[in-house]
Structure formats: C-alpha cells, structure tokens
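# Commentary on secondary and tertiary structure
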Amino acid sequence: MNHLLIFLIPWKDLNMLLMRIITKYVYELLEKDCNLKKISIPEGYGVIVLNPNENYIEVEKPKIHVQSSSDSSDEPAEKRERKDKVSKETKKRRDFYEKYRNPQREKEMMQLYIRENGSPEEHAIYVWDHFIAQSAAENVFFVAHSYGGLAFVELMIQREADVKNKVTAVALTDSVHNVWHQEAGKTIREWMRENCCNWVSSSEPLDTSVESMLPDCPRVSAGTDRHELTSWKSFPSIFKFFTEASEAKTSSLKPAVTRRSHRIKHEEL
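Here the structure is a predicted model, which means the values were calculated and not measured.

In this section: the sheet that holds strand S4 (residues 167–173). Each strand in a sheet pairs with its neighbour through backbone hydrogen bonds, running either in the same direction (parallel) or in the opposite one (antiparallel). In spatial order, the strands read S3-S4-S5-S6; together these four strands make up an open sheet with parallel pairing. Edge positions in the sheet fall to strand S3 (140–145) and strand S6 (219–221), since each has one partner strand and no second. Averaged over all adjacent pairs, the angle separating strand axes in this sheet is 20°, with direction ignored. In this structure, strand S5 (residues 196–200) lies alongside S6, joined through three bridges in parallel fashion. Within S6, the position partnered with Val200 by the bridge is Ser221.

This paragraph deals with the confidence of the model for the protein chain. Overall, the predicted model of the protein chain reaches an average pLDDT of 76, with 64% of residues at or above 70. For the protein chain, per-element mean pLDDT is lowest for helix H8 (residues 265–268), which scores 36, and highest for S5, which scores 96. A low-confidence stretch, residues 46–53 stays under pLDDT 50, and its non-local contacts, those more than four residues away or across chains, total 18 contacts. Scored below 50 in pLDDT, residues 256–269 makes 32 contacts in the model with residues more than four places away or belonging to other chains.

Our next topic: the pairing of S4. By the criterion of burial, S4 is predominantly enclosed, with seven of the seven residues buried. Taken together, the six bridges between S3 and S4 define a ladder with parallel strand orientation. Considered in S4, the bridge of Val140 is made with Val167. Judged from the four bridges that link them, S4 and S5 form a sheet pairing that is parallel. Along S5, the bridge assignment pairs Val170 with Cys196.

With that settled, the discussion passes to the environment of Trp180. Of note, Trp180 is situated in the loop between S4 and helix H6 (186–195). Residue classification places Trp180 among the partly exposed residues on the basis of a relative accessible area of 47%. Taking the C-alpha atoms as reference, Trp180 lies 9.1 Å from Pro215; in sequence the two are 35 residues apart. If we ignore the near neighbours within four places in the chain, the residues touching Trp180 are Arg189, Leu214 and Pro215.

Turning to its location among the elements, Glu154 is positioned in helix H4 (residues 147–158). Although Glu154 is buried, it forms no salt bridge, and the closest oppositely charged side chain is Arg159 at an N-O distance of 8.4 Å. At 2.9 Å, the side chain of Glu154 and the side chain of Gln158 are in polar contact. If we skip the residues at most four places from it in the chain, Glu154 touches Glu121 and Gln182.

Bringing the packing of helix H3 (residues 120–132) against H4 into the picture now. Relative orientation of the contacting elements H3 and H4 amounts to 55°, with a least axis distance of 9 Å. Considered as vectors, H3 and H4 are oriented oblique to each other. The hand of the H3/H4 crossing is right-handed. Within the contact between the two elements, H3 uses Pro120, Glu121, Ala124, Ile125 and Trp128 and H4 uses Tyr147, Leu150, Ala151, Glu154, Leu155 and Gln158. In terms of residue class, the contact of H3 with H4 is built from eight nonpolar, one polar and two charged.

Throughout the structure, instances matching the rule amount to eight aromatic pairs. A ring pair is formed by Phe141 and Phe242, whose centres lie 4.7 Å apart and whose planes are at 40°; its orientation type is tilted. With Phe141 in strand S3 and Phe242 in helix H7 (residues 230–250), the pair connects residues that are 101 residues apart, well separated along the chain. A relative accessible area of 31% means that Phe141 is categorised as partly exposed.

Reading guide: rules and limits
Residues numbered from 1 in each chain as written. Predicted model: local features only at pLDDT ≥ 70, side-chain atom pairs only at ≥ 80, totals over all residues. Heavy atoms only, no water. Pairing = 2+ DSSP bridges. Helix = DSSP H or I, 4+ residues; strand = E, 2+ residues; numbered from the N terminus. Axes fitted to C-alpha atoms, helices over the stretch in contact; angles between N-to-C directions. pLDDT = per-residue confidence, 0-100. Contact = heavy atoms within 4.5 Å. Buried < 20%, exposed > 50% of the residue type's maximum accessible area, 1.4 Å probe, protein only. Lys, Arg positive; Asp, Glu negative; His and termini not counted. Salt bridge = Lys/Arg side-chain N within 4 Å of Asp/Glu carboxyl O. Polar contact = N/O pair within 3.5 Å; in protein donor to acceptor, adjacent residues only side chain to side chain. Parallel < 35°, antiparallel > 145°, perpendicular 65-115°, else oblique. Left-handed = near helix turned anticlockwise from the far one by under 90°. Nonpolar A, V, L, I, M, F, W, Y, C, P; charged D, E, K, R; others polar. Phe/Tyr/Trp six-rings, centres within 6.5 Å; stacked < 30°, edge-to-face > 60°.

Structure (structure tokens):
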C-alpha cells in the first residue's frame, strides 16, 4: 500500500525549523571533523550564545494587577462602555498579533539578559577574557562583520594593550564602527591603520580602494554591493591579508595592509 504524508508548515516556521537543523548539523561537523569544542557561556547558564544581538533568555512575565486610579463612577455610563469596548478591541488585536508573530508563544514573556553577555560589546569582551586571552595561540586573527566591527573597536578601547599584544591582523567586512562616536584614542586609530582592513560593500572589483572619511583603516571593495555577502566574497583577499600579516610579524616587518599591490582604480587614473 502506498502512503502519502503531507506537511502544511507556514513559511516562517519552516525557516526556523531549517535554521535549527542546519545549525545542529554545522555544530556536529565542527566538533567531529574539526575537533572543536562546544562550550556553554557564561558558566552556569547552560546556553550557547549563537547571536550576540539576541543574548537573552525569555521567562514568563509576572502578572501585575494595576488598579485604575480614576473613579469610574464619575463617568457617564455611555463613556465607560465606549472605553471598555476600545480596551477590549485593543487587547484582542494585540493578542492576535502576538500569536500570529509567534504561534508557540502562548504566555506573555519578558527578556532576561544573559549575565556579562547582554550586548554584542559585552559578549566580545567576555569571549576575549575567558577564551582568547587564555589561549596559547601566538597569532590571533579577527574577521568582524557589520556590528562585529563596532564590537571589536569597543574591545580595543577596553583591552587595548592586550589586543595589541595578541592580535596579528583584523579583517572588517562592511563594518559599522565609528572611531569618533566610540571615542577611540589616537593610539587605537594608528594601530588600526597598520593592522586592519575593511572590505566594504561596493560595485567596484574586489580590493579596489574605497575612499573613507574616518581616520582608522584602509577601505577596499568586497566585490559585491550586498552587505550580507561581503565576508564570503572577500575571503580570498582576507586570507592573503592574514598570510602577509603573519609573515611580516615573523620577519619583524609591518604587514602591507593597504593592499597597494591590488587594483586601485583612482590611483591608476
């Protein structure tokens, strides 16, 4: 007998399901094939921070009964009925929206931020203090995408001497950092000019120099104008950049971070 099983799954829920399956599979490959270790952070929480922008756990919000301060007896009956009707309609729409947005979320929830990891900046500092700073690695390289670039600059501000001593080179990909707004000092800006490069979204060919208004590090094209593809598209150049930086460190020379050997259109013109 032939059987046909049909699943009717909303597209949003299917995406969430696929993301969980893919994430689990990738973690298994990293542990089995790359001999990496999966660690829960911070200690005692039993969770793994996958996305620093969502570093919180959800707990049921305690129900608080608030007594109205207004004396409804002073209001006309018609006005009270109208207010009650509006209040019920508003609650109905809000409940419908919450269920539509997240059908599994039956109870009202609140966000409880994870200790020492409540923001991307805190997360970067926590990982540095508990893992990177304690590692035996002589050459540490960063690939910081988008807001990750801002988190790295904040890490430098908080741990400048340690970062300079341990980090060999930093590849930023379409970073949103701002050394002025983050109040990065002169010594940090000078170190970034020598040891960082930012591959930004651009329609220009890969490694073409891109003008910057910030006095921090060279900016070159990632070879794509799509923000989410900048890391993947620039990987060949990033690893070449890391190799040059490692070799320069070994020979006590400065790494060629300005990428002058690549296509620089307005310099050729």
